[in-house]
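Fold and contact review
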Amino acid sequence: MARGGHGRGAAGPRPRIQLVALAVSVIFLVIGVLGFVPGVTTGYGDMTFAGHHSGAKLFGLFQVSILHNALHLLFGLLGLVLARGVGGARLFVAGGGAAYLGLWLYGFAIDGAAGAINFIPLNDADNWLHLGLGFGMLVLGLLLSKDAGTGGRLDTPADRP
């Protein structure tokens, strides 16, 4: 019989918020990797490390750079770590949604700006994707975690077995 994470009883199904956090994490990892694949990323030879001058576009639509792809990979890895617990999964999905809404605002604020403030290549397709991701993740993070952990602790603190 499978045991829970701390050896107490049978392991039950994961709460939906953890499954969503895991799925979102995997999607970001795949997108981060695909950003480095020539052919999937058009204009691959024009990719820069950072800045708005990168000519590379993921799927020929979303402007990317090495930094942009690395941020997708880091966000995906963070999600894998946080998805291990209900509280972390909630933070990743809802907090990540809020962060993407902030990135959407940043994308519109820097539109056409030059200089150090424009360090991530973002085009209109990126901005609309960030708006959809932000709202979607925020809503899922808040709605799916509504009943998670009711009747007990969300997570066992690290200092207690």
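If you're wondering where the values come from, they're calculated on a predicted model, not measured in any experiment. (Residues numbered from 1 in each chain as written. Predicted model: local features only at pLDDT ≥ 70, side-chain atom pairs only at ≥ 80, totals over all residues. Heavy atoms only, no water.)

What follows covers unusual backbone geometry. Notably, Phe-59 is not glycine yet its phi reads approximately 60°, a positive angle. On the secondary structure map, Phe-59 appears in the loop between strand 2 (57-58) and strand 3 (62-63). Judged by relative accessible area, Phe-59 falls into the partly exposed class, the value being 48%. (Helix = DSSP H or I, 4+ residues; strand = E, 2+ residues; numbered from the N terminus. Buried < 20%, exposed > 50% of the residue type's maximum accessible area, 1.4 Å probe, protein only.)

What follows is about the packing of helix 1 (residues 16-34) against helix 3 (residues 86-109). At a minimum axis distance of 8 Å, the contact between helix 1 and helix 3 shows a crossing angle of 50°. As summarised for this structure, helix 1 and helix 3 are arranged oblique, according to the angle between their axes. Handedness of the helix 1/helix 3 crossing: left-handed. Contacts between helix 1 and helix 3 pair Ile-17, Gln-18, Val-20, Ala-21, Val-24, Ser-25 and Phe-28 from the former with Val-86, Ala-89, Arg-90, Phe-92, Val-93 and Tyr-100 from the latter. In the contact of helix 1 with helix 3, the residues fall into 10 nonpolar, 2 polar and 1 charged. (Axes fitted to C-alpha atoms, helices over the stretch in contact; angles between N-to-C directions. Parallel < 35°, antiparallel > 145°, perpendicular 65-115°, else oblique. Left-handed = near helix turned anticlockwise from the far one by under 90°. Contact = heavy atoms within 4.5 Å. Nonpolar A, V, L, I, M, F, W, Y, C, P; charged D, E, K, R; others polar.)

Turning next to the sheet that holds strand 2. Strand order in this open sheet of 3 strands is 1-2-3, and the pairing throughout is antiparallel. Because the sheet does not close on itself, it has two edges, and the strands there are strand 1 (41-42) and strand 3. Relative to strand 2, strand 1 runs antiparallel, the two being bridged by 2 bridges. From the neighbouring strand, Thr-41 faces strand 2, where its bridge partner is Leu-58. (Pairing = 2+ DSSP bridges.)

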